[in-house]
Structure formats: C-alpha cells, structure tokens
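Fold and geometry: a report
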Amino acid sequence: METPDDRRYSSDHEWALADGSRVRVGITDYAQDALGDVVFVDLPAVGKAVQAGDVLGEVESTKSVSEVYAPVAGTVVAVNGGVADAPEKLNRDPYGDGWLCELEVADTSVLGGLLDAAAYRALTES
Amino acid sequence: MDDEAPRRSPLHDAHLALGARMVPFGGWEMPLAYEGTIAEHRACRSAAVAFDVSHLGTVRVEGHEAFGLLQRTLTNDLRRVAPGRAQYTHLLAEDGSVLDDLIVWWLAEDRFDVMPNASNTARVRAAIGGEDTTASRAVVAVQGPQARELLAPVAPGAAAVGRFHVAPFEWRGAPCMAAGTGYTGEDGVECAVPAEVALEFWEAVLGAGVVAAGLGARDTLRLEAGLPLHGHELGPGITPLQANLGWVIGWDKGDFRGRAALEAERRTGPSRRLWGLLADGRQPPREGSSVHAAAEAAEAAEAGTAAPAGTARTVGTVSSGNFSPMLERGIALAFLDAGTSEGDRVVVALRGRALPATVVPPRFWPPRAAPGASPAVASEPSAESEPSAPSASTAAVAGAVPSDREGPA
C-alpha cells in the first residue's frame, strides 16, 4: 500500500495536497483497494462551499458505495472530469490521475490538523 | 449458520496463495476477486475463467423411488430429459414461492445429483432426502468462449460434454463428473472432482491458461446474462411465473408442491414480472431501490412538490443492480407491475437521487441483434436457466414461453 509523504491524510481515507491556497483532494490507495473496481464517481459542483467533514461526493465500486468527505473547509474550484469518464483511473493511480477535486482554502494552516503520512500508515496498518 | 465457523472449499489454500479477497457467502468463506472483478468478468466474455463453486450443495438421491420423488417434489418434468442430462428446476413452497432453484444431474437410471444453492442445501434435503455429498468434492466451473478449448488438454472427457449433458470423466485416475452447465451466459463446463485431487485439478486448469475468477465476477456475469439469483429474483413471495421462468414448470406432469398456487396465478396472470433496467449512465441501480414512472416523476419535479422519485407512482422494486462491464452502463433486474412495457421510461430512487433508466427485456448480454441482423443468431438458445425475455406484448406469460430451453436442440 502506498502512502506518499508529500501530502496529508484524513482518518476517512482522503488525501489533501496543497499548492498555495489550492488543495487537491482524492482517496487513498488503501481506500481504493478496499473498494475494489470503481465504476462510478459522483463529483461535487464547482462553486460548492464545504466545511471539513461535509460530503464531497461518492465513489462506487462493483460491490459497495463510499462517501467522500471534505478533509478541510473550502470552495470547490475544479473537478476531475477524467475520473468521472474513466473511474478505473481511481484504482490505477489514486494519488495522480485519480484525483477528485480541488478546493480553494482560505486558511491552509488547517492542513496541519490532518494526519501526516506516517500517522496515516500507522492507522491503516493497525 | 452465522454462529458457526464458515466452511472452506478444498481449494481454500489455493485462493489464498493467489491473493484472493475472501468473503463470507452462504455459510462459506469464498473468493470475491483475485485480480479484480471487472478484469475477471471481461476474461469470461472473451476467453475463459474458472470459478470455485464448491459451496453449491450436492445431494445424492438414488434408488428406484428417486425418479418419482423428484417428479412429485420439483417443478420441471424429468420426462423432458433422460439419464446423462442436466435439468434446471425449482423447489416451491405451497404458496408457489421459490424455496430454491437447482440443477439436477441425472447420472444414471436410478441415480441423481441434486445441486441446491449453498444456503438452501438443508431445506432441499428436508424435501427430497438423499445424502449430502458436498464435502467430498470440489466443483470447478470453467466458463467462457475458450473454456472447452483450454480445458481439453487437461480433461478431454470433461471438455467434450454436451450442453446440459452430464458425463463421467477420469482425472489422474480419480472418478469425476462434468456437466455442460454454468451461470455466466457463456458456454462452459462444471467439473465435480474428489476433494483429494481438487487442488491439482484447479492448478492444471489455471496452468492451461484459464483465469481464476471470484464471486464478484460471477454475480456481474449472471446479472448481465439475466440469470436469477436466489434471495434476489427468487425467494419468499416470488413465484417462477413472476420471474419469467414458466418454462421450468412441468404443467403436463402430475401434482408437485406449489402447483395449485401456480395454477391460480397462471389464470389471473402475475401482478408483477421481472424486467431489465438499463440506466442512462454508469451509476448502478441497487437492490431494494424503488422504481417510479418517469413522466410522473418529471411532473412532480416541475410542480416542485418534493423529491421527484418519491412523489411519482411506484411501479416496482430493484432485485439486483450493478455495473455492466460490457455495456459500461448501470443495469438492474426489477419486479415491475403488470402493464409495464419494453421501452417505458422510469426513474430509480437511489439514495435521494433519481436515476433515469429504460425498461428492457431482462437479459443484457449477449447484445440483441440489431434490426435486420440474422434472426438465427438472436434466437439460438445459448444459456442454461435463461429466463425468456418478456415479449413486447406482455399478454401471454405462463403458457407461451419455450417449454424446453434447457438443452441443445
């Protein structure tokens, strides 16, 4: 299971990668593996404002449905149309091509409240 | 059953070695997927896969009473077939509900292997007696257009068994049995091999280039092929007529359990029937979701009354739904009210959303021949327990469906 060190993680198995005030969000390798083959991704509307913990969308596999939660508060400024058209990208490359959306975040210091890679690894390996 | 440790197949260690994700199923611990459900599904449609279906029950019924007992208890008429053949049939409750759907392997004059669903073995034995030989063997289902070709070097006798025939074969000296049956909509062979040699047999089959496939793919394959699953399309409150399986009923034989209830339903026509739903997009409708008339849903939405799907007339319920790897669309089987027609537009209420879909005959694969294509291809009986698609005119139900589609012509 991969857990890159360049980003932060939620205990609900989302990742958050900041580039200035823009935070890219996806689900972890652990989450995609647990879901199995992803067949449908429901993405939020651009412009939607979310609080940390709000439902951002849904990821559905052949066997189950899982909600995706906003790891931090922000406004949706971009969604990955590529993963909606080809959800298998989420299985193949959860930290790259399989990203879900980008949030414009007013206060990026809140990322410090998320898990770092080591803490997330510890969570999923326990 | 829940309190007991799950039963394990003779092939359990092989599944673990292949990295399978194991899940509880019908009192057993069985592989859900190895490489991935969609890859396994596509391998079955294009080449060949092997499923471990050892969780299916085997009940051996023998003796000079056996034929009469099965004729009186199960719905289908054994006189349509003969020793050396397999027949799809139902066990009903007195109210016509399907207690189990099963395959009978008619091995010899006075010897039958009856194969119930895993969790129904005890209830089937209560009705027909017999000896439960499930633990003595593994059953490997090799399915797909290349199934016979790839199986031939491993077990030529098994590879040659006719569609809906059964035949003994030997594997490394062990007595085995093959049946030309399956649950995928593809050609294939199911091989019952003694538990002691099962692991070697499985490895030989995979060594021949057949891909291991799990229960996940088995479910998406059977759904795409429109084959019913007990507990979903068959079960308490569901009769064979509602499931479009009138052809499993031997109306011309004498009494069998549930006959009176079925005759009453046949006279009035079932109040609901099984249909297919083809979603407009990729999102799968799911079991238990309500189905609503689309026009009324749209009106309700315009009037701004409430969530559209909740206010429009309910026309039925989804019994199974998933993603079709071949069509790349959401598909479902659903029981819909009498009066539903092919082409009707509906919406499925799914977690607060309205999923648009079209009512289609309950078989998604193989794709139906386009208008003008050869009718010979479209009409060829191609799978085992195929529900015949409801005709566009839904008038005739019980009597007009093919009476013997379970065997090769």
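Here the structure is shown first, and the text comes after it.
Let us look at the structure shown here. Computed from a predicted structure; not experimentally measured.

Glancing now at the pattern of salt bridges. Following the criterion strictly, the structure yields 23 salt bridges over all chains and no others. Here the residues in one salt-bridge network are D42(A), E58(A), E60(A), R286(B), R351(B) and R353(B), joined through shared partners.

Residues and elements named next belong to chain B. One open sheet holds the three strands; their spatial order is 1-3-2, and the pairing between them is mixed. Across the chains shown, the open sheet's two edge strands, defined by having one partner strand only, are strand 1 (7–8) and strand 2 (21–25). The pairing of strand 2 with strand 3 (residues 28–33) spans five bridges and is classified as antiparallel. Bridging from a neighbouring strand, R21 pairs with A33 of strand 3.

This part covers the packing of aromatic side chains. The geometry of an aromatic ring pair is captured by the separation of the ring centres together with the interplanar angle, meaning the angle of the planes. Applying the stated rule across the entire model yields eight aromatic pairs over all chains. The interplanar angle of 10° and the centroid separation of 4.9 Å between the aromatic rings of Y9(A) and Y120(A) together place this pair among those described as stacked. Separated by 111 residues along the polypeptide, Y9(A) in strand 1 (residues 8–9) and Y120(A) in helix 4 (residues 117–125) bring together distant segments of the chain. Y9(A) gets classed as buried once you look at its relative accessible area, which sits at 0%. Here W106(B) and F112(B) contribute two aromatic rings whose centre-to-centre distance is 5.1 Å and whose plane-to-plane angle is 25°, an arrangement assigned as stacked. Across this residue pair, the class does not change: W106(B) and F112(B) are buried. Put simply, the rings of Y9(A), W15(A), Y95(A) and Y120(A) touch in pairs and so form one group of aromatic residues. Above the ring of W15(A), the side-chain terminus of R7(A) is found at 4.4 Å from the ring centroid.

Turning our attention to the side chain of S54(B). Residues and elements named next belong to chain B. Mapped onto the elements of the fold, S54 is located in the loop between strand 4 (49–52) and strand 5 (59–62). Since its relative accessible area comes to 0%, S54 is described here as buried. Polar side-chain contacts of S54 include one of 3.1 Å to the backbone nitrogen of V139. Once residues within four sequence positions are removed from consideration, S54 is found in contact with S9, P10, W28, M30, T134, R137, A138 and V139.

Below, the discussion takes up the pairing of strand 11 (residues 166–171) of chain B. All names here are of chain B. Direction of pairing for strand 11 relative to strand 12 (residues 174–179): antiparallel, over a ladder of six bridges. Within strand 12, the residue paired with A167 across the bridge is A178. The hairpin formed by strand 11 and strand 12 contains two residues between the paired strands, and R172 there has a positive phi angle of roughly 50°.

With that out of the way, let us pick up the sheet that holds strand 4 (residues 38–42) of chain A. Residues and elements named next belong to chain A. Strand order in the open sheet made by the three strands is 4-6-7, with antiparallel pairing throughout. Every other strand in the sheet has two partners, leaving strand 4 and strand 7 (65–69) as the edge strands with one partner each. Here the strands of the sheet are splayed against their neighbours by 20° on average, with no regard to which way each runs. Pairing geometry for strand 4 and strand 6 (residues 55–61), over four bridges, is antiparallel. Bridge pairing links V38 to S61 in strand 6.

Our next topic: the packing of helix 2 (residues 37–46) of chain B against helix 8 (residues 215–224) of chain B. Residue and element names in this part refer to chain B. Relative orientation of the contacting elements helix 2 and helix 8 amounts to 55°, with a least axis distance of 8 Å. Judged on the interaxial angle alone, helix 8 and helix 2 are oblique. Along this stretch, helix 2 crosses helix 8, giving a crossing that reads as right-handed. Residues T37, E40, H41, C44 and R45 of helix 2 touch helix 8, and the partners they reach there are G216, A217, T220, L221 and E224. Counted by class, the contact of helix 2 with helix 8 contains three nonpolar, four polar and three charged residues.

Turning our eyes to something else, we now look at the side chain of S10(A). Residues and elements named next belong to chain A. By secondary structure assignment, the location of S10 is in the loop between strand 1 and strand 2 (14–19). On the basis of relative accessible area, S10 is assigned to the buried category, the value being 7%. Only 2.5 Å separates the side chain of S10 from the side chain of E14, close enough to count as a polar contact. When near neighbours in sequence (up to four residues on either side) are disregarded, S10 contacts P71, L114, L115 and Y120.

All names here are of chain B. Counting residues in each nonpolar core, the largest one holds 34 residues, and the members touching the most others are F51, Y88, W105, L245, I249 and L262. Contributions of two or more residues to this core are made by helix 2, strand 4, strand 6 (86–92), strand 7 (98–108), strand 10 (137–143), strand 12 and helix 8. No other element matches strand 7, which puts four residues into this core. In this structure, L11, L150, V193 and W202 belong to the second largest nonpolar core, which totals 33 residues.

Rules of the game
Residues numbered from 1 in each chain as written. Chains lettered and ligands numbered in written order. Predicted model: local features only at pLDDT ≥ 70, side-chain atom pairs only at ≥ 80, totals over all residues. Heavy atoms only, no water. Salt bridge = Lys/Arg side-chain N within 4 Å of Asp/Glu carboxyl O. Pairing = 2+ DSSP bridges. Helix = DSSP H or I, 4+ residues; strand = E, 2+ residues; numbered from the N terminus. Phe/Tyr/Trp six-rings, centres within 6.5 Å; stacked < 30°, edge-to-face > 60°. Buried < 20%, exposed > 50% of the residue type's maximum accessible area, 1.4 Å probe, protein only. Lys NZ or Arg CZ within 6 Å of the ring centre and 35° of its normal. Polar contact = N/O pair within 3.5 Å; in protein donor to acceptor, adjacent residues only side chain to side chain. Contact = heavy atoms within 4.5 Å. Axes fitted to C-alpha atoms, helices over the stretch in contact; angles between N-to-C directions. Parallel < 35°, antiparallel > 145°, perpendicular 65-115°, else oblique. Left-handed = near helix turned anticlockwise from the far one by under 90°. Nonpolar A, V, L, I, M, F, W, Y, C, P; charged D, E, K, R; others polar. Core = buried A, V, L, I, M, F, W, Y, C linked by side-chain atoms within 4.5 Å.

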